[in-house]
There are 2 protein chains.
Amino acid sequence: MGKVRNVLFIMVDQMRADCMGVAGHPVVRTPHLDWLASRGILFSHAYVQTAVCGPSRMCTYTGRYTHAHRSYWNEVPLPLDEKTIAHYARAAGVRAALCGKTHHTPDTQFIRWLEERGFKPDPIDTTNAGFEPWEVNEFWGDGWMQHLKSQGYDLPFDNPMMAAFLVQTPDGRRMNGWRFEAARYPTVIREEDSDTAFMTRRAMEFIADAGEQPWLLHLSYLKPHWPNVAPAPYHNMYDPADVVPPVRDIGELDNPHPLLEPFRVERRSLPFDDEETWRQMRATYYGLITQIDDHLGRLFRFLEARGRMDDTLIIFMSDHGEYMGDHWLFEKEFFYESAIRIPLIIYDPDPRADDYRGQVVDHFVESIDIVPTCLDALEIPIPAAVQGHSLMPFLRGETPEQWRSAVYGDWDFRFYQASQQLGLEGDQCRAWMVRDRHYKYVHFAGLPDMLFDLRADPDELHNLAGDSEYKEVVEAYKTKLLEWRQRTEDNRRGQELEDRIGRTGVSWVPDELVWWE
Amino acid sequence: MGKVRNVLFIMVDQMRADCMGVAGHPVVRTPHLDWLASRGILFSHAYVQTAVCGPSRMCTYTGRYTHAHRSYWNEVPLPLDEKTIAHYARAAGVRAALCGKTHHTPDTQFIRWLEERGFKPDPIDTTNAGFEPWEVNEFWGDGWMQHLKSQGYDLPFDNPMMAAFLVQTPDGRRMNGWRFEAARYPTVIREEDSDTAFMTRRAMEFIADAGEQPWLLHLSYLKPHWPNVAPAPYHNMYDPADVVPPVRDIGELDNPHPLLEPFRVERRSLPFDDEETWRQMRATYYGLITQIDDHLGRLFRFLEARGRMDDTLIIFMSDHGEYMGDHWLFEKEFFYESAIRIPLIIYDPDPRADDYRGQVVDHFVESIDIVPTCLDALEIPIPAAVQGHSLMPFLRGETPEQWRSAVYGDWDFRFYQASQQLGLEGDQCRAWMVRDRHYKYVHFAGLPDMLFDLRADPDELHNLAGDSEYKEVVEAYKTKLLEWRQRTEDNRRGQELEDRIGRTGVSWVPDELVWWE
């Protein structure tokens, strides 16, 4: 028996991999994450399978690529027969609870089909990605709103998406926090009532409630996802003059990939062309990250005081990154490093990890590795459906043989206006990505490719896909994509059958029948 | 309202596309199929998505590619949320019944998960591909066995797989019909009690039973799939001296594709090296086809007598072909034309088809087109999940714009010993195929490719994939495969969402929120 009895699985939303002190950031202060990394392992090359909240999270929760779980975009339902870490943990007797957001969409049509036949599935199985809903907050959680009401805030609670993020200008006006010009002002809600503070408190309450029973808590913060507004003192903790400038080049705007320009317009990226905007937006973004870090400090101290640092695996990660002006973009679409590379720290309480604490592992990690890591830590068998690999060996000084040499991604962009402006059919709105130590290649079904030489051009400023000198490279990486898909189709039922009866067990005409006299 | 009220969907098992008089075969007599073709349309370039019974049928029944429905091989369950033509028809008030075989495997694990939660799904939904089980015969049907018992046969009924196919030698011995040397002898079971006769009778009984209510009957014969034994007089109706020789070249045995040689051994192909064997096997195979044709004649006369030729769409097809020694192979694996090209005739009772009866359509058809064709004929809306296209326009003299210029296939060969002999992991056992008017290209995940120039080498005797002269061709067809998959992933839930709310309806942060004052 190992020492891991619980898992604290922390996710933040839209936080860049580089925005931690331990990752070398020159400005953002994250002393508690740095502390966690000093006690655990920082994975410097961790990637999500797609850089949009919903589908990325479904990869993380199921341990399967987007094309396997098929929840391709926000609001596209996760099929009911897809199992998440919560289902696996609960089936093994581990209490699996949610404190925050999953961006999971239930399989409504199929559930309706079942209901028409007289069966109403347990909502715990079919909603919130299978987690017990300890405190759900999909950006406007009931519990948080109740809390704000109880604190006597005068807010437009009939529109919680607005209420939660109003800011106050010095002259006493209230302003919509979703607008970029709001970034410089503090939220009406005080820090101690903010979502970050509230969710942290609720997480502690869960841990107290769970007592000595094994648990897996998914603490899933809303921030630093926009609306990019912070409570005092975080709203002006960083001076806009000090922020790191965007990674971009004016040349990127000449003759860009055809999807980039309509996308820049649609995704509200244009304000980032302006220096004042990106400076303020980045400063507030840093503040939101430091706010989370401060609350994680509280949480880690709470765990220590209760002895939970001795039996709890802690995972800290983001669901994807954020451009904040990199490549002239806002948010997280496409496959640039700013979007798909994530912060990932894992702390293992087991003494077998002691000799390796504080190390950095630069092997390629994919978000589909989180499920097998949790299961492995909890000593629960890893089902055939899971496509990722446990990271536990890395925590204990081992590198598994034949570890992956590339990471892969998938993006369905049909639900952007840009796809219509380009006249694309829904099924053409697909891009697949492979990234190894040398190149990143993206193949679009109905548009030109993208190719970056990451050695010569680590900032991904020069798309080489159209350059005839790179024809061989493109062909080689196209083959990588093809074979990735051949090897990772959703064949879990075939794999389960193979696991049960072996490779040659299903020849329906057995030899003994054919050769029988 | 069109005239089609019923669909008679006839499938035979393992019948080659070329084995019909109307297809130009010099030996096999199929006067009733020829008659049907003279009243309907013969599709000369119809292909299945994979040449193994179970997965091929699941493509045909769901209207979806193998990677979409994920029943990759015989006995790999069809996921419960996959819908078939039977589910669609029943939901629209059309009685959908099965008379014969589907090779469908229920989604046992998921059904168990539901049962553990107190829900027992209706077996009509979860078994027999959703069809009402009028008369099921998966090679050893209860109804047929009961019939044989009632006729006083002295057979080993404890082993129906054996009982059904015993033959009688002239010296009075009984011999196992699964052995190739049995092909020359008549079955113990008389013709009028054979599976083909019994199932045809049961189909007529269904049509009588259905009366004036709309119906879709899947009449699914077991033959001419081996055991390659026929009742008198069909067992020696054709002279082995007259059969068409196998399409093969001795050069194919030199330096073959690495999967071919172990496969030849495993799939009992070696006896076909011997001329006496392939001659006898082909002669008996022809006999089985003519037997089916004779019973189809009875069935068509029955329909005419009842007026059903006036309101019934009739589809005749096979689930895949058969090598019978072509390329030194037996059965139907790989993607040679003998295996993936199928006979397909469709008869449309509507007067709008009158001007086009007897024509041959050589456009590419895929088996996933059958579901939309049936739905279209019955005026039932075609769901987003369906990946094929209705063939109804062809029946009425129209060619849809931008009709497909290639057909595609997928094969999971993990459940063959050959895959283990080659040391392949389960997820490496994948081959994808594209075939257009010029080339056929097959990409294997862990093995060399196959490329045939169908113009220069229509018999597919020379694999050009390793030839550096064809490097550009290989790259071009690899891209076709990649984009085929990008465009046909199982994104039906995304498509349903798009159909419901439009392309840009799910941006979770609406503009009016962001720009609200």
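This is a predicted model, so every value here is computed, not measured. (Residues numbered from 1 in each chain as written. Chains lettered and ligands numbered in written order. Predicted model: local features only at pLDDT ≥ 70, side-chain atom pairs only at ≥ 80, totals over all residues. Heavy atoms only, no water.)

J.: Would you mind showing me how to read the relation of the copies chain B and chain A here?
T.: Two copies of one chain are present, and they are related through a rotation about an axis combined with an axial shift. By a simple turn and slide, chain B fits onto chain A: the slide is 0.0 Å along the axis, the RMSD is 0.1 Å, and the turn is 180 degrees. Such values leave the two copies arranged in the relation of a two-fold axis. The overlap is high: 100% of the interface residues of chain B also sit at the interface in chain A, so the same surface is used on both sides. (Least-squares fit on C-alpha atoms with pLDDT ≥ 70 in both. Contact = heavy atoms within 4.5 Å.)

J.: Is there a simple way to explain the sheet that holds strand β15 (residues 430-435) of chain B in this structure?
T.: To summarise the sheet geometry, strands pair through backbone hydrogen bonds and adopt either a parallel or an antiparallel arrangement. Residue and element names in this part refer to chain B. The strand order across the open sheet formed by 4 strands is β14-β15-β16-β17, and the pairing between neighbours is antiparallel. Of all the strands in the sheet, the pair left with one neighbour each is β14 (407-412) and β17 (450-453). Taking the axes of each pair of neighbouring strands and ignoring which way they run, one obtains an average angle of 10 degrees across the sheet. (Pairing = 2+ DSSP bridges. Helix = DSSP H or I, 4+ residues; strand = E, 2+ residues; numbered from the N terminus. Axes fitted to C-alpha atoms, helices over the stretch in contact; angles between N-to-C directions.)

J.: Before we go on, may I ask you to explain the environment of Ala17(A) in this structure?
T.: Among the structural elements, Ala17(A) can be located in the loop between β1 (6-12) and α1 (31-39). A sequence separation of 26 residues divides Ala17(A) from Phe43(A), and the C-alpha atoms of the two residues are 9.8 Å apart.

J.: Got a minute to help me understand the sheet that holds strand β3 (residues 46-47) of chain B in this structure?
T.: All names here are of chain B. Taken in spatial order, the 3 strands of this open sheet run β10-β3-β13, and their pairing is mixed. Single-partner strands in this sheet number two, and they are β10 (341-342) and β13 (365-366). The sheet contact formed by β3 and β10 spans 2 bridges and is antiparallel. Of the residues in β10, the one forming a bridge with Ala46 is Ile342.

J.: Is there a simple way to think about the interface of chain B and chain A in this case?
T.: Reports of interface size often rely on the accessible area that becomes lost once the parts have come together. Each partner contributes to the interface: chain B provides 87 residues, whereas chain A provides 87 residues. Contact between chain B and chain A buries roughly 8,400 Å² in total, counting both sides, with carbon and sulfur atoms accounting for 57%. At the surface where chain B touches chain A, the tally comes to 14 salt bridges. The partner of Lys471(A) in a salt bridge is Glu472(B), and the shortest N-O contact between them spans 3.5 Å. Here chain B is connected to chain A by 28 residue pairs in polar contact (both at pLDDT 80 or more). Elements supplying a minimum of two residues to the side of chain B that touches chain A: α5 (108-116), α8 (160-163), α15 (417-421), β15, β16 (439-444), α16 (471-488), α17 (492-501) and α18 (511-515) of chain B. The element contributing the most residues to the side of chain B that touches chain A is α16(B), with 11 residues. A class-by-class count of the residues in the side of chain B that touches chain A yields 35 nonpolar, 21 polar and 31 charged. (Buried area = accessible area lost by both parts, 1.4 Å probe. Salt bridge = Lys/Arg side-chain N within 4 Å of Asp/Glu carboxyl O. Polar contact = N/O pair within 3.5 Å; in protein donor to acceptor, adjacent residues only side chain to side chain. Nonpolar A, V, L, I, M, F, W, Y, C, P; charged D, E, K, R; others polar.)

J.: Looking at this structure, I do not really get the packing of helix α7 (residues 142-150) of chain B against helix α9 (residues 195-210) of chain B. What am I missing?
T.: Residue and element names in this part refer to chain B. Contact geometry for α7 and α9: axes closest at 11 Å, N-to-C directions at 110 degrees. As summarised for this structure, α7 and α9 are arranged roughly perpendicular, according to the angle between their axes. Once α7 is placed against α9, the crossing between them reads as right-handed. Each of Gly143, Trp144 and His147 in α7 lies in contact with α9, whose residues at this interface are Asp195, Phe198 and Arg201. Looking at the contact of α7 with α9 residue by residue, the class counts come to 2 nonpolar, 2 polar and 2 charged. (Parallel < 35°, antiparallel > 145°, perpendicular 65-115°, else oblique. Left-handed = near helix turned anticlockwise from the far one by under 90°.)

J.: Please explain the confidence of the model for chain A as it appears in this structure.
T.: Interpretation of the predicted coordinates at a detailed level should be avoided for regions scoring low in pLDDT. The predicted model of chain A averages 95 in pLDDT, with 98% of residues at 70 or higher. For this predicted complex, the interface score ipTM comes out at 0.94, while the overall pTM is 0.95. (pLDDT = per-residue confidence, 0-100.)

J.: Explain the packing of aromatic side chains here, please?
T.: Each aromatic ring pair is described using two quantities: the centre-to-centre distance and the angle formed by the ring planes. For the coordinates displayed, the defined rule picks out 78 aromatic pairs over all chains. Taking the centre distance of 5.7 Å and the plane angle of 35 degrees together, the rings of Trp35(A) and Phe300(A) count as tilted. Of this pair, Trp35(A) sits in helix α1 while Phe300(A) sits in helix α11 (residues 275-305), placing them 265 residues apart in sequence. Here Trp411(B) and Tyr416(B) contribute two aromatic rings whose centre-to-centre distance is 5.7 Å and whose plane-to-plane angle is 65 degrees, an arrangement assigned as edge-to-face. (Phe/Tyr/Trp six-rings, centres within 6.5 Å; stacked < 30°, edge-to-face > 60°.)

J.: What is the right way to read the environment of Leu299(A) from this model?
T.: All names here are of chain A. Among the structural elements, Leu299 can be located in helix α11. You can call Leu299 buried: its relative accessible area is 0%. Separated by 155 residues in the primary sequence, Leu299 and Trp144 have C-alpha atoms spaced 18 Å apart. Among residues more than four places away in sequence, those in contact with Leu299 are Leu8, Ile10, Thr200, Met204, Ile207 and Leu219. (Buried < 20%, exposed > 50% of the residue type's maximum accessible area, 1.4 Å probe, protein only.)

J.: I would appreciate a short explanation of α11(A) in the present structure.
T.: Counting along an α-helix, one turn takes 3.6 residues, and residues three or four places apart therefore face a common direction. A rise of 1.5 Å per residue sets the reference length of α11(A), with its 31 residues, at 45 Å; its end C-alpha atoms lie 45 Å apart and thus fit the reference within 8%. Extensive coverage of α11(A) is indicated by the burial of 24 of its 31 residues. (Expected span 1.5 Å × (residues − 1).)

J.: Just checking my understanding: could you explain the pattern of salt bridges for this structure?
T.: As a working rule, side chains carrying opposite charge can pair if their charged atoms are close by. The full count for this structure, using the stated rule, is 118 salt bridges over all chains. The residue Arg117(B) makes a salt bridge to Asp125(A) at a minimum N-O spacing of 2.8 Å. On the criterion of chain membership, the pair formed by Arg117(B) in the loop between α5 and α6 (123-126) and Asp125(A) in helix α6 (residues 123-126) is interchain, its members lying in two chains. For Arg117(B), a relative accessible area of 34% translates into the label partly exposed. Residue classification places Asp125(A) among the buried positions, given a relative accessible area of 8%. Across the pair Asp490(B) and Arg64(B) runs a salt bridge whose closest N-O atoms are separated by 2.8 Å. Of this pair, Asp490(B) sits in the loop between α16 and α17 while Arg64(B) sits in the loop between α2 (53-62) and α3 (66-69); the two residues are 426 residues apart in sequence, bridging distant segments of the chain. A single burial state applies to Asp490(B) and to Arg64(B), both of which are buried.

J.: Just checking my understanding: could you explain helix α5 (residues 108-116) of chain A for this structure?
T.: If you check which residues of α5(A) are buried, you get Phe110(A), Ile111(A), Trp113(A) and Leu114(A). Down the axis of α5(A), the smallest arc covering the buried residues is 155 degrees, so these residues share one side. Residues of α5(A) that are buried in the fold lie against α6 of chain A together with α5 and α6 of chain B. Directly after α5(A), the chain includes Gly118(A), whose backbone phi takes a positive value near 90 degrees. (Arc of directions from axis to C-beta.)

J.: Can you walk me through the pairing of strand β4 (residues 95-100) of chain A in this structure?
T.: For a regular strand, the rule is simple: side chains alternate between the two faces of the sheet. Residues and elements named next belong to chain A. Most of β4 sits inside the fold, with 5 of its 6 residues counted as buried. As defined by bridge partners, β4 adjoins strand β8 (residues 215-220) across 6 bridges and the pair is classed as parallel. Bridge pairing links Gly100 to Ser220 in β8. Pairing between β4 and strand β5 (residues 132-136): 3 bridges, direction parallel. Across the sheet, Cys99 pairs through a bridge with Glu135, a residue of β5.

J.: Can you walk me through the packing of helix α9 (residues 195-210) of chain A against α11(A) in this structure?
T.: For any two helices packed against each other, the geometry is given by the interaxial angle and the distance between the axes. Residue and element names in this part refer to chain A. Direction vectors running N to C along α9 and α11 enclose 15 degrees, while the axes themselves pass 10 Å from each other. As summarised for this structure, α9 and α11 are arranged roughly parallel, according to the angle between their axes. When you trace α9 past α11, the crossing you get is right-handed. For the pair α9 and α11, the contacting residues are Thr196, Ala197, Thr200, Arg201, Met204, Ile207 and Ala208 in the first and Gln291, Ile292, His295, Arg298, Leu299, Phe302 and Leu303 in the second. Residues belonging to the contact of α9 with α11 are distributed by class as follows: 8 nonpolar, 4 polar and 2 charged.

J.: Could you clarify how one ought to interpret the side chain of Arg16(A) in this entry?
T.: Residues and elements named next belong to chain A. Relative to the helices and strands, Arg16 is located in the loop between β1 and α1. One polar contact links Arg16 to Asp18, side chain to side chain, over a distance of 3.0 Å. Polar side-chain contacts of Arg16 include one of 3.0 Å to the backbone oxygen of Glu322. In this structure, Arg16 is in contact with Arg282, Tyr285, Gly321, Glu322, Tyr323, Asp326, Ser338 and Pro343, ignoring residues within four places of it in sequence.

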